[in-house]
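# Chain and residue survey
What follows is the residue order along each chain.
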Amino acid sequence: MDEPKGIEIEQKREEMINLAHAFGYSNPDTVKASQELDKLMNTFLLEKRTYSSIC
């Protein structure tokens, strides 16, 4: 995993987990963090797939 992207994903995951524990899974802030995490992961996978197809 690309180190900076991996760290960013891990930080967002921790944020989401902390929000879920503090406010619940359906809290708007938890949902927003989850959506942001999804976006980061999708971007990472797309970049990885693009790089793999080039090589």
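Parameters and conventions
- Throughout this document, residue positions are counted from 1 along each chain, in the order its sequence is written.
- The predicted origin of the model limits local features to residues at a pLDDT of at least 70 and limits the giving and counting of side-chain atom pairs to 80 or more, whereas totals for whole chains, interfaces and linings rest on all residues.
- In computing side-chain properties, one takes all heavy atoms of the structure into account and sets aside hydrogens as well as water.
- The helix and strand labels rest on DSSP assignments: H or I over at least four residues marks a helix, E over at least two residues marks a strand, and numbering proceeds from the N terminus.
- For this measure, only C-alpha atoms enter the radius of gyration; the expected value for a globule follows 2.2 Å times N^0.38, where N is the number of residues.
- Only protein chains enter the calculation, and the probe is 1.4 Å; a residue is then buried if its accessible area is under 20% of its type maximum, exposed if over 50%, and partly exposed in between.
- Computed by Shrake-Rupley with a 1.4 Å probe, the accessible areas treat only the displayed protein chains as cover when residues are assessed.
- Residues scored as positive are Lys and Arg, those scored as negative are Asp and Glu, and His as well as the terminal groups of each chain are ignored.
- Taken as the charge centre is NZ of Lys, CZ of Arg, CG of Asp or CD of Glu, depending on the residue.
- Expected helix span is taken as 1.5 Å per residue step, with the number of steps being one fewer than the number of residues.
- For salt bridges, the criterion is a side-chain nitrogen of Lys or Arg within 4 Å of an Asp or Glu carboxyl oxygen.
- Residue contacts are defined here by distance: any two heavy atoms, one from each residue, within 4.5 Å place the two residues in contact.

Each helix and strand counted, the chain has 2 helices and 0 strands in total. Against the globule reference of 10 Å for 55 residues, the chain gives a C-alpha radius of gyration of 13 Å, more extended than a compact globule. Looking at the chain residue by residue over its 55 residues, the buried ones come to 24%. Summed over all atoms, the accessible surface of the chain reaches about 4400 Å², with 57% contributed by carbon and sulfur. One way to put it: in the chain the 7 positive side-chain charges average out to a point 5 Å from where the 10 negative ones average out.

So, on to helix H1 (residues 3-23). For H1, with 21 residues, the first-to-last C-alpha span of 30 Å sits near the 30 Å given by 1.5 Å per residue. Two residues or fewer after H1 comes Gly24, characterised by a positive phi angle close to 100°.

The tally for this structure, following the rule as stated, stands at 4 salt bridges. Lys12 serves as the salt-bridge partner of Glu36, at 2.6 Å between the closest nitrogen and oxygen. Here Glu36, found in helix H2 (residues 28-54), pairs with Lys12, found in helix H1; they are 24 residues apart in sequence, far enough to count as distant. Residue classification places Glu36 among the partly exposed positions, given a relative accessible area of 30%. One salt bridge in this structure joins Arg13 and Glu14, with 3.3 Å as the shortest N-O distance. Within the structure, one salt-bridge network assembled from shared partners comprises Glu10, Arg13 and Glu14.

Attention now goes to the side chain of Lys12. With a relative accessible area of 15%, Lys12 lands in the buried category. Those residues in contact with Lys12 that sit more than four places away from it in its chain are Ala33, Glu36, Leu37 and Leu40.

Worth remembering: the numbers are spatial, not functional.
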